[in-house]
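# Report on the structure
For reference, the chains in residue letters:
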Amino acid sequence: MPGKKRILSGMRPTGKLHLGHLVGALENWVNLQSEYENYHLIADYHALTTNLDSSNIYANSFDMLIDWLAAGIDPKSSPMFRQSQVKEHAELQLIFSMLVTTARLERNPTLKEQVRDLEMENISIGHLGYPVLQAADILLYKGEVVPVGEDQLPHIEITREIARKFNAQYSPSQPVFPEPEGKITRFARLPGLDGKRMSKSIGNTILLSDSPDVVQKKMRTAVTDPQKVRKGDPGRPEICLVYTYHQKFNPDETQAIEQDCRSGKLGCVDCKMKVMQKVCDYLSPFRDRRQYYESHSEEVKDILRDGEIRAKEIAHNTMTEVHEAMKLG
Ligand code: TRP
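Residues numbered from 1 in each chain as written. Predicted model: local features only at pLDDT ≥ 70, side-chain atom pairs only at ≥ 80, totals over all residues. Heavy atoms only, no water.

### Digging into the overall build of the protein
- Helix and strand content of the protein: 14 helices and five strands.
- In terms of C-alpha radius of gyration, the protein reaches 22 Å, essentially the compact-globule figure of 20 Å for 329 residues.
- Taken over 329 residues, the protein has a buried fraction of 49%.
- For the protein, the proportion of contacts with a sequence separation of at least 24, taken over those separated by at least 6, is 78%.
- A total of about 16400 Å² of accessible surface is found on the protein, and carbon and sulfur atoms cover 50% of it.
- In the protein, 43 side chains carry a positive charge and 45 a negative one; their mean positions are 3 Å apart. (Helix = DSSP H or I, 4+ residues; strand = E, 2+ residues; numbered from the N terminus. Rg over C-alpha atoms; globule rule 2.2 N^0.38 Å. Buried < 20%, exposed > 50% of the residue type's maximum accessible area, 1.4 Å probe, protein only. Contact = heavy atoms within 4.5 Å. Areas by Shrake-Rupley, 256 points an atom, 1.4 Å probe, with all protein chains shown as cover. Lys, Arg positive; Asp, Glu negative; His and termini not counted. Charge placed at Lys NZ, Arg CZ, Asp CG, Glu CD.)

### Looking at the domain arrangement of the protein
- In terms of domains, the protein is made up of domain 1 (6–190 + 297–325) and domain 2 (210–290).
- A straight line from the C-alpha centre of domain 1 to that of domain 2 covers 34 Å.
- Tallying the contact residues gives 15 residues for domain 1 and 11 residues for domain 2.
- Of the roughly 1100 Å² buried between domain 1 and domain 2 on both sides combined, carbon and sulfur atoms contribute 65%.
- Run the count over domain 1 and domain 2 and you get three salt bridges.
- For D63, the salt bridge identified is with R290, shortest N-O distance 3.1 Å.
- Viewed at the interface, domain 2 and domain 1 are joined by five residue pairs in polar contact (both at pLDDT 80 or more).
- When residues of the side of domain 1 that touches domain 2 are traced back to their parent elements, those giving at least two are α1 (19–31) and α3 (57–71).
- In terms of residues, the side of domain 1 that touches domain 2 owes the most to one element, α3, which gives six residues.
- Here the residues of the side of domain 1 that touches domain 2 sort into nine nonpolar, one polar and five charged. (Domains from an automatic or database assignment. Buried area = accessible area lost by both parts, 1.4 Å probe. Salt bridge = Lys/Arg side-chain N within 4 Å of Asp/Glu carboxyl O. Polar contact = N/O pair within 3.5 Å; in protein donor to acceptor, adjacent residues only side chain to side chain. Nonpolar A, V, L, I, M, F, W, Y, C, P; charged D, E, K, R; others polar.)

### Remarks on the site of the ligand
- Contacts to the ligand come from L8, G10, R12, L41, A43, H46, Y130, Q134, D137, I138, V146 and Q152.
- Here Q134 contributes a side-chain N or O atom positioned 2.9 Å from a nitrogen atom of the ligand.
- Between the ligand and Q152, the relevant distance is 2.9 Å, taken from a nitrogen atom to a side-chain nitrogen or oxygen of the residue.
- With the chains in place, 90% of the 360 Å² that the ligand exposes on its own is no longer accessible.
- Elements represented by at least two residues in the shell around the ligand include exactly β1 (6–11) and α8 (130–140).
- In terms of residues, the shell around the ligand owes the most to one element, α8, which gives four residues.
- Classifying every residue of the shell around the ligand by side-chain character gives six nonpolar, four polar and two charged. (Near = heavy atom within 4 Å.)

### A few points about α3
- Taking 1.5 Å as the rise per residue, α3 with 15 residues should run 21 Å; its terminal C-alpha atoms sit 21 Å apart, in good agreement.
- Burial within α3 is extensive, with 12 of its 15 residues counted as buried.
- All of the buried residues along α3 are I57, S61, F62, D63, M64, L65, I66, D67, W68, L69, A70 and A71.
- Of the residues flanking the end of α3, it is G72, one or two places downstream, whose phi is positive at about 115°. (Expected span 1.5 Å × (residues − 1).)

### Focus: unusual backbone geometry
- One non-glycine residue, K142, lies in the positive phi region at around 50°.
- In this fold, K142 is placed in the loop between α8 and β4 (145–147).
- For K142, a relative accessible area of 23% gives the class partly exposed.
- With a phi angle near 55°, K327 is a residue other than glycine that sits in the positive phi range.
- On the secondary structure map, K327 appears in the segment after α14 (297–325).

Here it is, written out as structure tokens:
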């Protein structure tokens, strides 16, 4: 029987995770656990590309790891580790950086979007090379499948190009690297409460650690159809953010909600309260598990240590193959 395919997934440690992370990525990671062999990377070096201050990176990584565990990632089957602790990431990144042109990296739409959003005038080599490090992250573990948000697909494409180039150049008869595929979910981009991309810097998130009170308060601010001013006015679910949330968190009632919104029978305040309750139900088991891990930090540290030992072993083996293929042994 063929072995399970391998997944490599990762996130940058930018602090506590929000609902968009859970719906767009983590839920997917958890569901894929039985079908694939999983490696989960904490991209702490990648975090430096947009913020040089490293003083919070460890705390943020630790917080993110707790969120992952609370979401249901099983540390026994799925190692979790920090990029900075496995030196081979940097080494493979260096080798890969010879296989891609600066022009190719400058065309990267994800980078262009960041430069525009953050109004950046200059970018560092590290930032330009972000996808090269990401390619090293994935290929060091020979990841075949990469669950990501839509915005990351251009990086997977660059990873495939680098894998192809390496194989053609150094190991044409027996490829060292697979050409990984990106895997996106239907809710890959759960919008924030204002309808824009959910992001901490915009302040439109629901955090996974938010209490029901906070969720309720935030949900009240969610935007709805601007033409539906009061109960009785007919609404347009297709353009309503709260309806998107119903589709995700309240699938059984969406049909009724759609009808009652269109007819004007259902007002936006009631509609928001309904979905708020569902979001709280959805988050409740998560919150309990989060509390457990918060109060068992030694256990979390052991999980990280164990994940890093396992990751290092694979990384070491891949680099041996790389050196052999390149005749650098
Ligand atoms: N670039 C990814 C993001 O911002 C994070 C990341 C880094 C990653 N290395 C990775 C994702 C490897 C998947 C695989 O979301």
